[in-house]
Amino acid sequence: MRKKIVAGNWKMNTTVPEGVELAKAVKEKSAAVPAGIGLIVAVPFTHIVPVSEVLKGSRVGLSAENCADKEKGAYTGEVSVDMLVSAGCNYTILGHSERRQYYGETDEKLVAKTRLALDAGLGVILCVGENLSQREAGNHFKVVTEQIENVLFNFTAEDLSKIIVAYEPVWAIGTGKTATSDQAEEIHACIRKVIAGKFGEKAADDVTILYGGSCKPANAKELFACPDIDGGLIGGAALKADDFIQIALSY
Ligand code: PEP
């Protein structure tokens, strides 16, 4: 049975004290969310230790927003998977479009990062998605299929059970433009089909595929009603505990 998950991506927002307050509010309000819906917050590196203290013993999982593609050593400014685990993380986001676009994240690097994360015991939230010109050219299925093949096909079905996929059309991230539920569903179904072709129907049926891109309380219900959408990766709306929890209550 695949899990339903609502994950917040705080990106480069909030100071440490503000992040601690946000985490406290999410923890407090999480009691209203049915137990079958997993909650995760992905926070900046500086916030991981204090937020893990806040979330200790709660139902809210803690994610990083990225990790290094090397195990350890002379890589100034990088943060390793072992550091993340020792700081209290359960997951890391990988391949967010902002990292692909601004920081040269390649599928090749994502394979290395995913291997390190899984070996360290971290769950991975792997982001895929097409940009506006790729969609306008009608290449969205091809782009997303290739991203899935280039990264996920290097892993086993057992590895896949620790990976959450997030479909995030780049043109919908932070723009206020949401993919329609039909647009999102057809890509989610395509991702599941590509996964089934490589790993089998059971693995494909079990994989959690989140939608991300201007998901908010007003549109979450319609998106989450789609058969292949198993929750959301939420950016802007995750910065308000009430909105984040409202989205999780949209199931
Ligand atoms: C994101 O960056 O993962 C995201 C979905 O952002 P937003 O909800 O703000 O579009």
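Residues numbered from 1 in each chain as written. Predicted model: local features only at pLDDT ≥ 70, side-chain atom pairs only at ≥ 80, totals over all residues. Heavy atoms only, no water.

**A look at the overall build of the protein chain**
Next, step 1: Within the protein chain one finds 12 helices and 8 strands.
Next, step 2: Overall, the protein chain is about 45 × 45 × 35 Å in size when its C-alpha atoms are taken along their principal axes.
Next, step 3: Burial analysis of the protein chain (251 residues in total) assigns 53% to the buried set.
Next, step 4: In the form shown here, the protein chain has an accessible surface area of approximately 11200 Å², with 53% of it arising from carbon and sulfur atoms.
Next, step 5: Computing the positive centroid from 27 side-chain charges and the negative centroid from 32, the protein chain places the two 2 Å apart. (Helix = DSSP H or I, 4+ residues; strand = E, 2+ residues; numbered from the N terminus. Buried < 20%, exposed > 50% of the residue type's maximum accessible area, 1.4 Å probe, protein only. Areas by Shrake-Rupley, 256 points an atom, 1.4 Å probe, with all protein chains shown as cover. Lys, Arg positive; Asp, Glu negative; His and termini not counted. Charge placed at Lys NZ, Arg CZ, Asp CG, Glu CD.)

**Focus: the site of the ligand**
Next, step 1: K11, H96, E168, G174 and S214 are the nearest of the 14 residues found near the ligand.
Next, step 2: The separation between an oxygen atom of the ligand and a polar side-chain atom of H96 is 2.7 Å.
Next, step 3: Calculation on the ligand without its partners gives an accessible area of 290 Å², and the protein chains cover 96% of this total.
Next, step 4: Along the lines of polarity and charge, the residues of the shell around the ligand split into 4 nonpolar, 8 polar and 2 charged. (Near = heavy atom within 4 Å. Polar contact = N/O pair within 3.5 Å; in protein donor to acceptor, adjacent residues only side chain to side chain. Nonpolar A, V, L, I, M, F, W, Y, C, P; charged D, E, K, R; others polar.)

**So, the nonpolar core**
Next, step 1: Residues I191 and I195 are the most contacted members of the largest nonpolar core, which totals 73 residues.
Next, step 2: Residue contributions to this core peak at 8 residues, all from helix α9 (residues 181–199).
Next, step 3: Apart from the residues within four sequence positions on either side, I191 is in contact with V128, V144, I148, V165, Y167 and I209.
Next, step 4: I40, A42, I125 and L210 belong to the second largest nonpolar core, which has 11 residues in total. (Core = buried A, V, L, I, M, F, W, Y, C linked by side-chain atoms within 4.5 Å. Contact = heavy atoms within 4.5 Å.)

**Thoughts on the packing of helix α5 (residues 107–120) against helix α7 (residues 140–152)**
Next, step 1: At a minimum axis distance of 8 Å, the contact between α5 and α7 shows a crossing angle of 45°. When the axes of α5 and α7 are compared, the pair comes out oblique. Both α5 and α7 take part in a crossing whose hand is right-handed. Contact with α5, carried on its side by D107, L110, V111 and T114, involves E146, Q147, N150 and V151 of α7 and no other residues of that element.
Next, step 2: Taken together, the residues of the contact of α5 with α7 break down into 3 nonpolar, 3 polar and 2 charged. (Axes fitted to C-alpha atoms, helices over the stretch in contact; angles between N-to-C directions. Parallel < 35°, antiparallel > 145°, perpendicular 65-115°, else oblique. Left-handed = near helix turned anticlockwise from the far one by under 90°.)

**A short note on the side chain of Q147**
Next, step 1: Along the chain, Q147 falls in helix α7.
Next, step 2: Classification of Q147 by relative accessible area gives buried; the value is 10%.
Next, step 3: Polar side-chain contacts of Q147 include one of 2.8 Å to the backbone nitrogen of G129.
Next, step 4: Other than its neighbours up to four places away in sequence, Q147 contacts R100, D107, V128 and G129.

**Observations regarding unusual backbone geometry**
Next, step 1: One non-glycine residue with positive phi stands out, namely T14, at about 80°.
Next, step 2: Turning to its location among the elements, T14 is positioned in the loop between β1 (4–9) and α1 (16–29).
Next, step 3: You will see that S214, though not glycine, has its phi angle at about 55°, which is positive.
Next, step 4: Inspection of the secondary structure puts S214 in the loop between β7 (209–212) and α11 (217–224).

**Quick notes on the environment of E98**
Next, step 1: Here E98 is to be found in helix α4 (residues 97–102).
Next, step 2: Residue classification places E98 among the partly exposed residues on the basis of a relative accessible area of 22%.
Next, step 3: Counting along the chain gives 66 residues from E98 to A32, while the straight-line C-alpha distance between them is 32 Å.
Next, step 4: The residues contacting E98, other than those within four sequence positions of it, are K11, Y103 and I173.

**A word on the packing of α7 against α9**
Next, step 1: Between α7 and α9, whose axes approach to 10 Å, the crossing angle comes to 40°. Crossing geometry of α7 relative to α9 is assigned as right-handed. Contacts between α7 and α9 involve H140, F141, V144, T145, I148, E149 and L152 from the first element and E186, I187, C190, I191, V194, I195 and F199 from the second.
Next, step 2: Counted by class, the contact of α7 with α9 contains 10 nonpolar, 2 polar and 2 charged residues.

Geometric descriptors of this kind do not, in isolation, establish any biological role.
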